[in-house]
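Inside the fold
Below, each chain spelled out in residue letters.
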Amino acid sequence: RAWDFLENLFIHSEEVKKELPDESERFLEIDDAVKDLLKKGYEVKLVKYFCCDEPGIAKVLEKTQTQLAMCEKALHEFMDGKRRAFPRFYFMSA
């Protein structure tokens, strides 16, 4: 769910790419990993085979979640900076 929300910001927003270049690069790696997992899951069709037969899936998911949290934190800090500079943004984003 976090990936879906962040995808629009880190991939389609030029301002976010410019202001958070490291996190944008990190998110592109996350995006590739998530899309790869979704593709494999679609091909396998049965969850038990996907989860049991796919080596290291738990580690991939944990790593992806950790990296998503880092991207989310950087984005929150970026938005808080914008809100401090432009207080009316606080009311628009709350």
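Criteria and cut-off values
- Residues numbered from 1 in each chain as written.
- Predicted model: local features only at pLDDT ≥ 70, side-chain atom pairs only at ≥ 80, totals over all residues.
- Heavy atoms only, no water.
- Helix = DSSP H or I, 4+ residues; strand = E, 2+ residues; numbered from the N terminus.
- Rg over C-alpha atoms; globule rule 2.2 N^0.38 Å.
- Buried < 20%, exposed > 50% of the residue type's maximum accessible area, 1.4 Å probe, protein only.
- Contact = heavy atoms within 4.5 Å.
- Areas by Shrake-Rupley, 256 points an atom, 1.4 Å probe, with all protein chains shown as cover.
- Phe/Tyr/Trp six-rings, centres within 6.5 Å; stacked < 30°, edge-to-face > 60°.
- Salt bridge = Lys/Arg side-chain N within 4 Å of Asp/Glu carboxyl O.
- Expected span 1.5 Å × (residues − 1).
- Patch = residues over 30% accessible without salt bridge, like charges linked within 9 Å, V, L, I, M, F, W, Y side chains within 5 Å.
- Lys, Arg positive; Asp, Glu negative; His and termini not counted.
- Charge placed at Lys NZ, Arg CZ, Asp CG, Glu CD.
- Axes fitted to C-alpha atoms, helices over the stretch in contact; angles between N-to-C directions.
- Parallel < 35°, antiparallel > 145°, perpendicular 65-115°, else oblique.
- Left-handed = near helix turned anticlockwise from the far one by under 90°.
- Nonpolar A, V, L, I, M, F, W, Y, C, P; charged D, E, K, R; others polar.

1. A closer look at the overall build of the chain
Scanning the chain for helices and strands turns up 6 helices and 0 strands. Each helix and strand of the chain, ordered N terminal to C terminal, gives the series α-α-α-α-α-α. For the chain, the C-alpha radius of gyration of 16 Å lies well beyond 12 Å, the compact-globule estimate for 94 residues. Buried positions account for 26% of the 94 residues belonging to the chain. Within the chain, counting contacts between residues at least 6 apart in sequence, those at least 24 apart form 59% of the total. Accessible surface for the chain amounts to roughly 7,200 Å². Of this, 57% is attributable to carbon and sulfur atoms.

2. Considering the packing of aromatic side chains
One pass over the structure, following the stated rule, counts 1 aromatic pair. Aromatic pair Phe10 and Phe27: ring centres 5.4 Å apart, planes at 20°, arrangement stacked. Here Phe10, found in helix α1 (residues 2-12), pairs with Phe27, found in helix α3 (residues 21-44); they are 17 residues apart in sequence, far enough to count as distant. When its relative accessible area of 1% is taken as the criterion, Phe10 is described as buried. Residue Phe27 is classed as buried on the basis of its relative accessible area of 0%.

3. Describing the pattern of salt bridges
Applying the stated rule across the entire model yields 7 salt bridges. For the salt bridge of Lys17 with Glu14, the shortest nitrogen-to-oxygen distance reads 3.5 Å. Of the two residues, Lys17 and Glu14 are both situated in helix α2 (residues 14-19); the distance of 3 residues between them amounts to about one turn of the helix. Among the charged side chains, a salt-bridge network with shared partners connects Glu7, Asp31 and Lys35.

4. Some remarks on helix α5 (residues 57-85)
With 29 residues, α5 should cover 42 Å at 1.5 Å per step; its first-to-last C-alpha distance of 42 Å lies within 8% of that length. For α5, the elements touching its buried residues are α1, α2, α3 and α4 (47-53).

5. Focus on a negative patch on the surface
Taken together, the side chains of Asp22, Glu25, Glu29 and Asp32 define an acidic patch exposed on the protein surface. Positionally, Glu25 belongs in helix α3.

6. What about the packing of α1 against α3?
Running from N to C, α1 and α3 cross one another at 135°; their axes reach a closest spacing of 10 Å. As far as their axial angle goes, α3 and α1 are oblique. The crossing of α1 and α3 is left-handed. Taken together, the residues of α3 that come into contact with α1 (itself represented by Trp3, Leu6, Glu7, Phe10 and Ile11) are Glu23, Ser24, Phe27, Leu28, Ile30, Asp31, Val34, Lys35 and Leu38. Here the residues of the contact of α1 with α3 are counted per class, giving 9 nonpolar, 1 polar and 4 charged.

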